[in-house]
Amino acid sequence: MAASRCRIVFKKELLDLFRDRRTVMVMVVLPLLLYPLLMIGVMQITMLQAGKMREQTAVVALLSPEETPSSLFASDTSKVEITDSTNWKEKLAKSEIDAALSLSKGFFDSVRAGKSGEITLHYLSTRDFSETVRRRIETLVEKFSDSQMKLRLATLSLDSSFIEPVIVNAQDEATQEQQSGSMLGRILGYILILMTLTGAFQAAIDLTAGEKERGTLETLLVSPATREEIVMGKFYATVTGALISATLNLVSMGVTMAYVFNLVGERGAQASIAFSVSPWSLMLLLLTLLPLAVLFSGVCLAVAVTARTYKEGQSLMTPMMMVSILPAMVSMIPGVELSPLMALVPIANVSLMTKTLLSGETPWLEIFLTIGSTAALAWLSLRWVIAQFHSESVLFRHAEDIRWNPFHMPKRRAGRRLTSESVILLAAVSIVVIAVVGAMQSGDSAVRSIVTMQAAIAVLSVVWIRRGGYDPKAAFGWVMPSNRVWLPTIISLCGAWIITIELASIQHLFIPFPEDLLKDFTKLFEDLSVLGLPQSLFFIALLPAVVEEHLCRGLMLRGLENNTGKWTAIIAVSLVFAFLHMNPYRLIPTFVLGIVLGHLAWETGSLFPAILGHFINNALSFLVQEHVEWIESLGLFPTDESALLPWQVVLAGMVLLALGLRLLPKREAVIED
């Protein structure tokens, strides 16, 4: 074996592998970015749900009205609400209550007399919040028990009941079948979705890119069959492959898990695990998988038909597989339950439906919403496939100019902006960079944290401009607008600021701010107030406005300007802008603020109004926090952060926003010559 020929072959294969931009994206860039993005998404949702469950008030039915447990919950009165016990089992099954509590007769008399009192707690382990309520009540009872033990020890009594004055008997009202079904459903939904996608994935590539590579697609196209008939034949075959894959995986996993559960019981486990899924639930599960298989088949065919070869088809389909992982995993996230709203979220609805059906529940409304919404998306995907097969440039796409060197810096061209693909990549990189930088600066001072974060964003923007060969003036939107723009910008942002405060209060009602996050905000403003007003406004308002707007309303919005419609670009950039703040508790108000800033940047054709608007929003928030006592004395803003603003203030904000946007000149009239 000649080493020289091995080197030649090695260089040739390496060149073939890395000269195609798509291959490099899939093999290098996507694995480096999508996994962190998926993890960040899971962590954000988990944090959001955990915070919501911590702040949610527990509704507990009292089964022993003669014994009022108010002293047990004295330290946590806002988190436990006692209600009557009428039809408590039905209410517990319907999630109208979270637990049921029963105190033994003469409970407090027994405890005060140095004896033991008994508490019986009924809950459902198949509901995450019911399980949380059980742990919450047990913690409160432990505190009460500890306080009683200290009192007893102070009396130096020798009664053995001093060791355990309170006994808690937590009884899970869910059957063993429901418990095992819920546990299996969390994993099975995720696996079934991926296996359904895999079946459609392989069939779609073989029936499109594979036929191109084999040279048989041309023969099929000249046959008497129309394009629609060809598409439907391939579509049915792909759906069949996806359903076969999903069904076989469902049957295989079901048999395997049943065997494992029975084996555990036979080996002498403390409580044998029962596994039983009714044929009706299994039929409903397969029914929900049918539109999902149709959806996956349509999308896979539409994407795979653009590939020239089987290998390229696999490269194009891999990102789709990776993106589907996050919504398929929602059944594993604590606190995420199937609801009418979640039933409209693609992929996630099937994952949660699998968990719910295997738990023994049959939510008909959510079932209809899941099947209907998925079927609507499946129909759209089928129309997409038909449109793709009518495009000659898609069916007979030849090799593009693949001269591309990852180590070569393109020459800067006047007027060159980012492409849509570059904007998507920049958004992904930005989220990962901000998440990493934020994790590394934990514990730093407020000023240092702000400067570090903004420096990272600024460096990323500069590197993107230099490596892409973009024109900074065109890419950022460095155009000075007319003086008529500034007053409408100020008016509209004052109104938008009031509206975002109201939206934050509304979101707080449903998803309360955790106490530790409120403390962090308070500490941030306290650290900044020490610097003095000018320095504080620079760090909290001016610096973020300049840096973040160059990234979002500059590079991203200008990059999408010529490739998408106005509102598609503004909404997409606003979503990225909201996620960049890494704060799910202010996601909605930040998103709305991004829409207003995007509209200003789009209509004026300039970045500078968006910078001014961003500065006004942050500066007003800081000034209000600095003079909170004076503001509260006016009665304009509530003292409780969860309370809503007076309707007069909200109306004034809406009027200011509408007036400012109405006074804003049209784009063609605001650019100075």
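Higher on the page you've got the structure.
Residues numbered from 1 in each chain as written. Predicted model: local features only at pLDDT ≥ 70, side-chain atom pairs only at ≥ 80, totals over all residues. Heavy atoms only, no water.

Asker: Sorry, what's going on with the overall build of the chain here?
Answerer: Within the chain, the secondary structure is distributed over 27 helices and five strands. Expressed as a percentage of the 673 residues in the chain, the buried residues total 47%. In the chain, the proportion of contacts linking residues at least 24 apart, taken out of those at least 6 apart, comes to 78%. For the chain, the computed accessible surface area is about 33600 Å², with 65% contributed by carbon and sulfur atoms. (Helix = DSSP H or I, 4+ residues; strand = E, 2+ residues; numbered from the N terminus. Buried < 20%, exposed > 50% of the residue type's maximum accessible area, 1.4 Å probe, protein only. Contact = heavy atoms within 4.5 Å. Areas by Shrake-Rupley, 256 points an atom, 1.4 Å probe, with all protein chains shown as cover.)

Asker: Any chance you could explain unusual backbone geometry here in plain terms?
Answerer: Residues apart from glycine generally show negative phi values, whereas peptide bonds are mostly found in trans. Even without being a glycine, S95 presents a positive backbone phi close to 65°. With respect to the element layout, S95 can be found in the loop between α3 (88-93) and β3 (99-103). S95 sits in the partly exposed class, given a relative accessible area of 40%. With phi around 70°, I347 is a residue other than glycine that occupies positive phi space. Tracing the backbone shows I347 in the loop between α12 (325-328) and α13 (348-358). You can call I347 buried: its relative accessible area is 11%.

Asker: Just to check I follow, could you spell out the pairing of β3 for this structure?
Answerer: Note on strand geometry: in a regular strand, side chains alternate between the two faces of the sheet. Burial analysis of β3 places five of its five residues in the buried class, which makes it a mostly covered element. Side-chain alternation along β3 places A99, L101 and L103 on one buried face and A100 and S102 on a second face that is also buried. Bridging between strand β1 (residues 58-62) and β3 involves three bridges; their strand directions are parallel. What sits directly across from L62, in β3, is L101. Bridge count for β3 against strand β4 (residues 117-123) is four bridges, and the pairing is antiparallel. In the strand pairing of β4, S102 is matched with T120. (Pairing = 2+ DSSP bridges.)

Asker: Quick question: what am I supposed to make of the packing of helix α10 (residues 279-304) against helix α14 (residues 364-389) here?
Answerer: Helices that pack against each other are described as a pair by the angle of their axes relative to one another and the distance between those axes. Where α10 contacts α14, the two axes come as close as 7 Å, and the packing angle between them is 25°. If you check the angle between α10 and α14, you find them roughly parallel. Once α10 is placed against α14, the crossing between them reads as left-handed. Its residues assigned to classes, the contact of α10 with α14 shows 19 nonpolar, five polar and no charged. (Axes fitted to C-alpha atoms, helices over the stretch in contact; angles between N-to-C directions. Parallel < 35°, antiparallel > 145°, perpendicular 65-115°, else oblique. Left-handed = near helix turned anticlockwise from the far one by under 90°. Nonpolar A, V, L, I, M, F, W, Y, C, P; charged D, E, K, R; others polar.)

Asker: What's the story with helix α17 (residues 446-468) in this structure? I'm lost.
Answerer: Every α-helix winds through 3.6 residues per turn, so residues three or four apart in the chain are directed the same way. Relative to the 33 Å expected for 23 residues at 1.5 Å per residue, α17 spans 33 Å between its end C-alpha atoms, a close match to the ideal helical length. Here α17 has its buried residues at A446, S449, I450, M453, Q454, A456, I457, L460, S461, W464, I465 and G468. Two residues or fewer after α17 comes G469, characterised by a positive phi angle close to 65°. (Expected span 1.5 Å × (residues − 1).)

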